Amino acid sequence: MTLTLTLIYNGNIGLTLTLMLKGGEGENMYLIDDVTKMTGLTKRALRYYEEIGLILPPQRTKGNARIYSEEEVKELRKVAEAKEVLGFSLQELQQFMSLKRMIEERSERQGLSVEEITQIEDLLENQIKMIDFKVVKMQAFKTELKEMRESAMAIHEKTKTKGEMKEWKDSIQITD
């Protein structure tokens, strides 16, 4: 939504301000307490992410409370997932988010220069390599866990009957 405010003094236009407000008409907006419940992040984390530039500052109410759009909540969920599930550091997330914003901002303008496209491609390639490296590490850890499970099952097999073994084996199964 765009809001234009024009100040007129003695019949002359003194100042025109145009404000872009986040959250289009009809879009739900959420207070910080709601966002913490929806994302699993703490208020402190949300404020810190804003402070370090990981997320853009949200809109504020007249009482100065932070309010977040649905799109911002989706972005925060992605940040939480990337940090918790994929093990990304805040620095890695900052690089990703700044790259995402750079692409969005520049694509909205007249386009990208050849140098900008090359820079973006290089940054994206580095992000992909980092993820590939993490996937390899996770697969190695998963393999180690499976080997440990097999060792535990072998030890258990020596001490238990076959029926008890099947029941125990089913209860600790790791899926692919």
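See the structure above.
Residues numbered from 1 in each chain as written. Predicted model: local features only at pLDDT ≥ 70, side-chain atom pairs only at ≥ 80, totals over all residues. Heavy atoms only, no water.

K.L.:
What is the right way to look at the sheet that holds strand β4 (residues 59-60) in this model?
P.N.:
With antiparallel pairing, the 3 strands of this open sheet are ordered in space as β3-β5-β4. Pairing within the sheet leaves two strands with one partner each, and these edge strands are β3 (29-31) and β4. With 2 bridges joining them, β4 and strand β5 (residues 66-69) adopt antiparallel strand pairing. Opposite Q59, over in β5, you have I67 as the bridge partner. The sheet contacts of helix α1 (residues 32-39) involve β3 and β5, and relative to β3 the element is tilted by about 95°. (Pairing = 2+ DSSP bridges. Helix = DSSP H or I, 4+ residues; strand = E, 2+ residues; numbered from the N terminus. Contact = heavy atoms within 4.5 Å. Axes fitted to C-alpha atoms, helices over the stretch in contact; angles between N-to-C directions.)

K.L.:
I'm lost on helix α5 (residues 114-159) in this one. Help?
P.N.:
Residue pairs spaced three or four apart in an α-helix point in one direction, given the helix's 3.6 residues per turn. For α5, with 46 residues, the first-to-last C-alpha span of 68 Å sits near the 68 Å given by 1.5 Å per residue. Listed in full, the buried residues belonging to α5 are E116, I120, Q127, M130, K134, R149, M153 and H156. (Expected span 1.5 Å × (residues − 1). Buried < 20%, exposed > 50% of the residue type's maximum accessible area, 1.4 Å probe, protein only.)

K.L.:
What am I meant to see in the nonpolar core here?
P.N.:
Most often, soluble globular proteins keep nonpolar side chains buried together rather than apart. Counting 19 residues, the largest nonpolar core has V35, L41, L46, Y49, Y68 and L76 as its most contacted members. Those elements that provide at least two residues to this core are α1, α2 (43-51), α3 (70-84) and α4 (90-108). When neighbours within four sequence positions are excluded, Y68 is seen to be in contact with N28, M29, Y30, I32, V35, L46, I55, P58, V73 and L76. (Core = buried A, V, L, I, M, F, W, Y, C linked by side-chain atoms within 4.5 Å.)

K.L.:
How do you make sense of the pattern of salt bridges when you look at a structure like this?
P.N.:
Any two side chains of opposite charge can pair if their charged atoms end up close together. Under the defined criterion, the tally for this structure stands at 6 salt bridges. E150 is the salt-bridge partner of R149, the closest N and O atoms lying 3.5 Å from each other. What makes R149 buried here is its relative accessible area of 15%. Using a relative accessible area of 42% as the deciding quantity, one classes E150 as partly exposed. (Salt bridge = Lys/Arg side-chain N within 4 Å of Asp/Glu carboxyl O.)

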